[in-house]
Every structure is written in structure tokens, then in C-alpha cells.
Amino acid sequence: MAVTPYTYRIPVQAPGLAIVPVSGQGLPSFVGRNRLSSRYELFWMAGMRGKPSLNADIQALAESTRMIADPDFEILGTNADSTCSAFYAEGGITLTTKTTSGDQVILLPHLDANQSGWAQTTWGTDQSVIWECWVKTGSAITTSTLWAGLKLTNTAVVATDNDQAFLRYQSGVNSGKWQAISSIANTDTSADTGVTAAVSTWYHFAIVIRSDRVAEFYINEEKVAQSGALTDATDLIPYIGVETNTTAARSIVVHGQGISRARL
């Protein structure tokens, strides 16, 4: 059954967190005044303010290049260039690799200092971080790797980051099912989520880091795995990526992302 994007808030409860189910399009009912969350929250609708491009485009002298570059997110990866992202006609951004095995397109907050709150804010394991995204797989996912979540570096390789919590699919691994990857001080765990990755399918991914630093993994609002207590006070970065492992392009559609953390 296809899942349709509808909101960026997940109806879960976890120790130290109070995530309240909301109505309509994810907006609470305002009565007479604004109601700001006690948490620091950022929401990003892909394509709302341009399309993610190479980091250099945000500083390009040519206005036709600079002004269409998304101010919050950029792309990088093996052989990636600004043509690797495009507006998705039904809402969002499509990331498409080139056609050499190992080519990648990775979405991440802008590297430039003071460019985006997504990069300038610390998303620490000690701050009850909640991250989520909506993505749609491409029409072909064989011989590809897809990943999304919170990491130290942008790579899809499980053993690279000492600390991380992300969801990963690689054809030929885990019988084609999504894995929940957690790393704690260089000890890696790959948990079977039981959810088979399908072509042309929307997925709502969420990672909830509880106040005890345990990361809970959700796919389409269902809890599919949890980690041990993550390393304390480790700042992670949200990444979404696609890699081809053949001589054909592979793609993923990104509808948007949301992230929040405790306010000190």
C-alpha cells in the first residue's frame, strides 16, 4: 500500500520526549496566540527555495546559478554535479547519479559557515534529537545503495563512522530489506528492520534519540529497531544518499526533512 506524505511530526512517545499527535497538515490549533515549541525545530520542504546544487553554486557570480541554489542544502558525492538534482513534478527533489559504478549523490546541509541553521546547530546525542524525512525510491533499486539518517560523515559504508544512527538499503544485503545501522564508539550494529525495500515507494523514516541516548528507528510510523545508548555528547549530521553499483543511473526523490532538539 502506497504511503503518501502528510506531515513532519511522528506520533511517538519516548522517555524524556513528548511528541503530541497533531491534526490536519501537522499544524496545531492556535487559539488567540502563537505557540512555539519548547524544542528547537527546523523543517525543510525540498524545492521550496530552489534546488540543492554543488556548494560552489551558492557563491557563484552568475545570478542564474546562485539564485536557484537551495540556501539550506547542497549535494556532493563521486562524480556528482548540479545537474544531479532536479525538481520532482509532484513535489520535492530527485537526486540522480551518473552512470559509472560507484557514482553517488549525497544531500547534506551547506558546508559554508553561517549559511544554514541545519549545519550551524548541534544535533547532539545528548539533546533528544528527532530527525525524519520522506523519500521515494526510484523505478530501479537493484545494484544500488540508499541511506538516510544521522552520521559523522556522508558515506554509506557502515564501518566508517565511529558513531551514527541511520537507515540503509543495499541490494544483495539483508535479503533486500532496510537495515537500521547504529555505531557506538566504533562498535557497529546492523539490525534487520523487516521492511523490504520496494521500487517507486514512499518511505517515512524517523530516528528518535531518547533522553537515555537510545536511538529508536521508525519506518512509516512503525518502530523497527532500537540501538544501545549512543556515545554521549556526539554531534551528528543529517545525510541522505544514493549510489549506483552498476553502469546505470539510480535515483531517489526527497520530499522533505524535519529535525529538532532539546532547548537548553
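Counting restarts for each chain, with residues numbered from 1 along the sequence as it is written. For a predicted model such as this one, the threshold for reporting local features is a pLDDT of at least 70, and the threshold for listing and counting side-chain atom pairs is 80 or more; totals across whole chains, interfaces and linings nevertheless cover every residue. Side-chain figures throughout are based on the complete set of non-hydrogen atoms in the structure, without hydrogens or water.

(A) Looking closely at the nonpolar core. Within the largest apolar cluster, 43 residues are counted, with the highest numbers of intra-cluster contacts made by L95, W131, F205 and F217. It is strand β15 (residues 202-209) that provides the largest number of residues to this core, a total of four residues. Listed in part, the eight residues of the second largest apolar core include L108, W147, F166 and Y239. Only buried residues count toward a nonpolar core, which is a set of Ala, Val, Leu, Ile, Met, Phe, Trp, Tyr and Cys residues joined through side-chain atoms within 4.5 Å. The rule is simple: take the accessible area with a 1.4 Å probe, protein chains only, and divide by the maximum for that residue type; under 20% is buried, over 50% is exposed, in between is partly exposed. Note on conventions: DSSP H or I runs of at least 4 residues are helices, E runs of at least 2 residues are strands, and numbering of each starts at the N terminus.

(B) Looking closely at the pattern of salt bridges. Think of a salt bridge as a Lys or Arg side-chain nitrogen and an Asp or Glu carboxyl oxygen that are within 4 Å of each other. Inspection of the entire model under this criterion finds seven salt bridges. Between K98 and D81 there is a salt bridge; the shortest N-O distance is 2.7 Å. Of the two residues, K98 sits in the loop between β7 (93-96) and β8 (104-109) while D81 sits in the loop between β5 (69-76) and β6 (85-87), which places them 17 residues apart along the sequence. Residue classification places D81 among the partly exposed positions, given a relative accessible area of 24%. A salt bridge links K223 to E216, with the nearest nitrogen and oxygen atoms 3.3 Å apart. Linked by salt bridges that have partners in common, R210, D212, E216 and K223 make up one network.

(C) Structural view of the environment of D161. Here D161 shows up in the loop between β11 (144-151) and β12 (164-170). Relative accessible area serves as the criterion here: at 2%, D161 is assigned to the buried category. Spatially, the C-alpha atom of D161 lies 7.2 Å from that of S183, the residues being 22 residues apart in sequence. Residues contacting D161, with those up to four places away along its chain left out, are K151, L152, T153, T155, S183 and D188. Identification of polar contacts relies on pairs of N or O atoms within 3.5 Å, with a donor-acceptor requirement for protein atoms, meaning one able to donate a hydrogen and the other able to accept it, and with residues adjacent in sequence counted only if both atoms are side-chain atoms. A polar contact is formed between the side chain of D161 and the side chain of K151, at a distance of 3.1 Å. A polar side-chain atom of D161 sits 2.9 Å from the main-chain amide nitrogen of L152. Here, two residues are considered to be in contact whenever any of their heavy atoms come within 4.5 Å of each other.

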